[in-house]
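Observations on chain architecture
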Amino acid sequence: MAKITKAVFPVAGLGTRFLPATKAMPKELLPIIDKPIVQYAVEEAVAAGITELIFVTGRNKRAVGDHFDANLELEAQLVAKGKTELRDMVRNIVPEGVACIFVRQPEPLGLGHAVLCAAPAVGNNPFVVLLADDLMQGETLPTAALVDAFSRRPGVILSVSEVPSEDVSKYGILRPGATDANGIIAVEGIVEKPPVDEAPSRLASFGRYAFTAEVFDILRDLPPGAGGEIQLADAIDRLAAKGAVSAITNPSRRYDCGAKFGYLTALVDAALADPEYREPFLELLRSRVGSADKG
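The paragraphs below set out a description of the structure included in this document.

Rules of the game
Residues numbered from 1 in each chain as written. Predicted model: local features only at pLDDT ≥ 70, side-chain atom pairs only at ≥ 80, totals over all residues. Heavy atoms only, no water. Phe/Tyr/Trp six-rings, centres within 6.5 Å; stacked < 30°, edge-to-face > 60°. Helix = DSSP H or I, 4+ residues; strand = E, 2+ residues; numbered from the N terminus. Buried < 20%, exposed > 50% of the residue type's maximum accessible area, 1.4 Å probe, protein only. Lys NZ or Arg CZ within 6 Å of the ring centre and 35° of its normal.

This paragraph deals with the packing of aromatic side chains. For the coordinates displayed, the defined rule picks out 8 aromatic pairs. Relative to Phe 102, the ring of Phe 55 has its centre 5.0 Å away and its plane inclined at 15°; by these criteria the two rings are stacked. One end of the pair, Phe 55, is in strand 4 (residues 52-57); the other, Phe 102, is in strand 5 (residues 99-104), and 47 residues separate them in sequence. Assessed through its relative accessible area of 0%, Phe 55 is described here as buried. An aromatic cluster of at least three residues, connected via ring pairs, comprises Phe 9, Phe 55, Phe 68 and Phe 102. Between the NZ or CZ atom of Lys 35 and the centre of the ring of Tyr 40, over which it lies, the distance is 4.7 Å.

Structural data, given as structure tokens:
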């Protein structure tokens, strides 16, 4: 089985939870201090050995491509002002040897359809899917863990975490089988957003997946599911019924930046982790908490 070197980033969503901010700006470019959310996902993929980045875009998403493209005018202005470090940072957003491909999703027909739109660029190769809304932080990130697990046991692999009972109905929940000595969990099925009393477990699948090209055959024949859309979870469930799906535990901390509070949490933690901003930010928080207590 070939090594995974391709990553698909579905970035065609409308980002309605962040309107009006996302009326003209893609939600994937919302910044965590000075770096867009999607750049974290790209850096995670590149660190895992990915050399081909495939972005599935939609209308009004040209800015995502612009962010990862060269901007020679900006670079020249930075050099003229003696800001060569900033020029190098802008130039190296996508490292040398890593290619970007942009594919259009003509209609918003669901995550499964977005992944299917990447089929011509992926070909018969294995690939990973990263949802930029899920920002991952930690010493080991899930894409690297997925690529490593795939090298040892090729097939469809999900990155999963246990969630509280009250959150079960928000996610695709695994029907797990046995766990082997390497911590790889057999997946017998996946149920999309079940009521807590009907959930087969509390193991939720988040925005990191490894696939073989077989998933495209499933997606092509898949009828619309929840919301009238082509659901990636439905394709995974069909593959699981064939014994073709496994899962590993997400080794990192996940921030749901598709939700406002998750985005705020990521901002706060990023500021606290930054050597330049940590102390003044802590002081700001203390002053605000003190003012709130007095009020």
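This brings us to unusual backbone geometry. The peptide bond linking Leu 19 to Pro 20 adopts the cis configuration, its omega dihedral lying at 5°. Here Pro 20 lies in the loop between strand 1 (6-10) and strand 2 (31-32). The phi dihedral of Ile 33 is positive, around 65°, even though this residue is not glycine. Relative to the helices and strands, Ile 33 resides in the loop between strand 2 and strand 3 (35-36). Residue Ile 33 is classed as partly exposed on the basis of its relative accessible area of 35%. Positive phi outside glycine occurs at Lys 193, with the angle close to 50°.

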